[in-house]
Amino acid sequence: MKIIDWYKDNFEASLSGRYLTLNHIENLLDSYSTFFDINVAGTSENDFKIPIIRLGTGTKKVLVWSQMHGNESTTTKAIFDFLKLISYPGIFLKEVEIFLKSYSFTIIPILNPDGAKLNTRENANEVDLNRDAKNLSQKESRVLRKVFEELKPDLCLNMHDQRSIFGLNGKFPATISFLAPAANKKRTITPARVTAISYINRSIDLLVELIPDNIGRFDDGYNDNCVGDFFTTAGVPTILFEAGHINDDYEREVSRSYIFYALAAMFNISHFSEVKSKEHYFKIPENEKIFNDVVLNNVYISNEKPSSQICLQYREVLTRGKVTFELVIDSINEKNEKLGHQTFNLEGGSVLINSQEKLHIGKKVTSIFDKRNNLMLI
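It should be emphasised that the depicted structure is a prediction, and the values quoted were computed from it without experimental measurement. (Residues numbered from 1 in each chain as written. Predicted model: local features only at pLDDT ≥ 70, side-chain atom pairs only at ≥ 80, totals over all residues. Heavy atoms only, no water.)

Chemist: What is the right way to read the nonpolar core from this model?
Modeler: Generally speaking, a soluble globular protein has its nonpolar side chains buried in company with each other. Core analysis: the biggest nonpolar cluster contains 70 residues, and Phe 105, Leu 157, Phe 178, Ile 239, Phe 241 and Phe 267 have the highest contact counts within it. Element by element, the count of residues in this core is highest for helix 9 (residues 253–266), at 9 residues. Contact partners of Ile 239, with chain neighbours within four places excluded, come to Leu 155, Cys 156, Leu 157, Asn 158, Phe 178, Leu 179, Ala 196, Tyr 199, Ile 200 and Met 266. In terms of nonpolar packing, the next biggest core, distinct from the first, is built from 19 residues, Leu 63, Ile 108, Val 147 and Val 227 among them. (Core = buried A, V, L, I, M, F, W, Y, C linked by side-chain atoms within 4.5 Å. Buried < 20%, exposed > 50% of the residue type's maximum accessible area, 1.4 Å probe, protein only. Helix = DSSP H or I, 4+ residues; strand = E, 2+ residues; numbered from the N terminus. Contact = heavy atoms within 4.5 Å.)

Structure (structure tokens):
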């Protein structure tokens, strides 16, 4: 698979980790100014500039935006991997040439720079921009709408991260998920959705070769306050990308690569241009909330049943310009209801959490000690 070989040596190594702001991409935007048209689409609520990148001369117009949720940076990294492929195609020279003649891309790499700086989902006014499609109460929402109305795109790509809680088929992590949003409450398969699904199928054709059990589909319940639903209602094919979890990839460097592969395949720059199955999209499973980051099964808790399950989740914390992870107790269940990315079976034994037996939801966890085996687990 030549696209994988290219990626190993050529991904945009200057971007890494979970914390990604305008400062991190500033030098890249300067360096790409010789390849692409780079400008400013508008400003955020805190008056940060919202950059916009344009490339290609084709008739098929594509609008892409990432970090609508400020703390969801994986797809932004993948977008710059994709831009590097377009700038330095190497063995994909012919494919990139065809791509640039076929498509005109407009990319907003960080739509929510205030949230990116704060490492929050919402913007500076604590508004979720992906629930502001109708009200347009925020400057960032109005910037996106203005670009949309002026461009009149043929396809939109709405790029996001999904939490590590999502899984598939009751046992696999959801590493990358797609959605062709509904255009109405009946979830009708409109022409816009048909087009979106056809593009998604191109990506799945490649991804099933790499992570066949980790490709998911988001629920298509309709909400016209969501941007993707709103644009699909307007007749514009829209695709939601969700970068998720796999193994211990909390920095999302592995899932980043799968977003890149999905983009390359979607626009025929991967040597996987033939769609083998038109049914891919409807066959991939829907996301389920079945995972926690750490799970302790069969734990004895004082005054509780000995078969209790303790579920813990990492919480992102911005510390000195870097995202770190704090473990907190998410739930305590009577049965082993959740899967863990990391799982311990206590076999009826008890634990000390932070050297204490007392537990409560939301408790910050710095250590977990297995009393039965005299072993430090975390």
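Chemist: Help me understand the sheet that holds strand 16 (residues 351–353), please; the structure alone is not making it clear to me.
Modeler: The strands making up a sheet associate through backbone hydrogen bonding, with each pair oriented either parallel or antiparallel. Pairing within the open sheet is antiparallel, and its 3 strands lie in the order 16-18-19. The open sheet terminates on both sides in strands that have one partner only, identified here as strand 16 and strand 19 (375–376). In this sheet, strand 18 (residues 368–370) lies alongside strand 16 in antiparallel orientation, the contact comprising 3 bridges. The partner of Ile 353 across the bridge, within strand 18, is Ile 368. (Pairing = 2+ DSSP bridges.)

Chemist: What is the right way to read the pairing of strand 1 (residues 37–43) from this model?
Modeler: Within a regular beta strand, the side chains point alternately toward one face of the sheet and then the other, so they alternate between its two faces. Direction of pairing for strand 1 relative to strand 2 (residues 49–55): antiparallel, over a ladder of 6 bridges. When the bridges of strand 2 are listed, Asp 37 appears paired with Arg 54. Adjacent in sequence and paired antiparallel, strand 1 and strand 2 are bridged by 5 residues, among which Asp 47 carries a positive phi angle near 65°.

Chemist: Which parts of the structure should I look at to understand the packing of helix 7 (residues 191–210) against helix 9?
Modeler: When two helices pack together, their arrangement is captured by the angle between the axes and the distance separating the axes. Where helix 7 contacts helix 9, the axes come no closer than 8 Å and their chain directions differ by 130°. Here helix 9 runs oblique to helix 7, going by the angle between their axes. When you trace helix 7 past helix 9, the crossing you get is right-handed. Of helix 9, the residues touching helix 7 (which contributes Tyr 199, Ile 200, Arg 202, Ser 203, Leu 206, Leu 207 and Leu 210) are Tyr 258, Tyr 261, Ala 262, Ala 265 and Met 266. Grouping the amino acids of the contact of helix 7 with helix 9 by side-chain chemistry returns 10 nonpolar, 1 polar and 1 charged. (Axes fitted to C-alpha atoms, helices over the stretch in contact; angles between N-to-C directions. Parallel < 35°, antiparallel > 145°, perpendicular 65-115°, else oblique. Left-handed = near helix turned anticlockwise from the far one by under 90°. Nonpolar A, V, L, I, M, F, W, Y, C, P; charged D, E, K, R; others polar.)

Chemist: I tried to follow the sheet that holds strand 1 on my own but got confused; where do I start?
Modeler: Within the open sheet, the 8 strands sit side by side as 1-2-4-3-5-10-8-9. Their pairing is mixed. A single partner strand is all that each edge strand has here, and the edge strands are strand 1 and strand 9 (215–217). The sheet shows a mean angle of 20° between the axes of neighbouring strands, direction not considered. Pairing of strand 2 with strand 4 (residues 103–108), which is carried by 3 bridges, proceeds in the antiparallel orientation. When the sheet's bridge partners are listed, Arg 54 is paired in strand 4 with Thr 106.

Chemist: For this particular structure, what's the right way to read the environment of Phe 11?
Modeler: If you trace the backbone, Phe 11 turns up in the loop between helix 1 (2–10) and helix 2 (22–32). It is 39 Å that separates the C-alpha atoms of Phe 11 and Asn 297, two residues lying 286 residues apart in sequence. When neighbours within four sequence positions are excluded, Phe 11 is seen to be in contact with Asp 81, Lys 84 and Arg 256.

Note that every value here comes from positions in space, so none of it alone points to a role or purpose.
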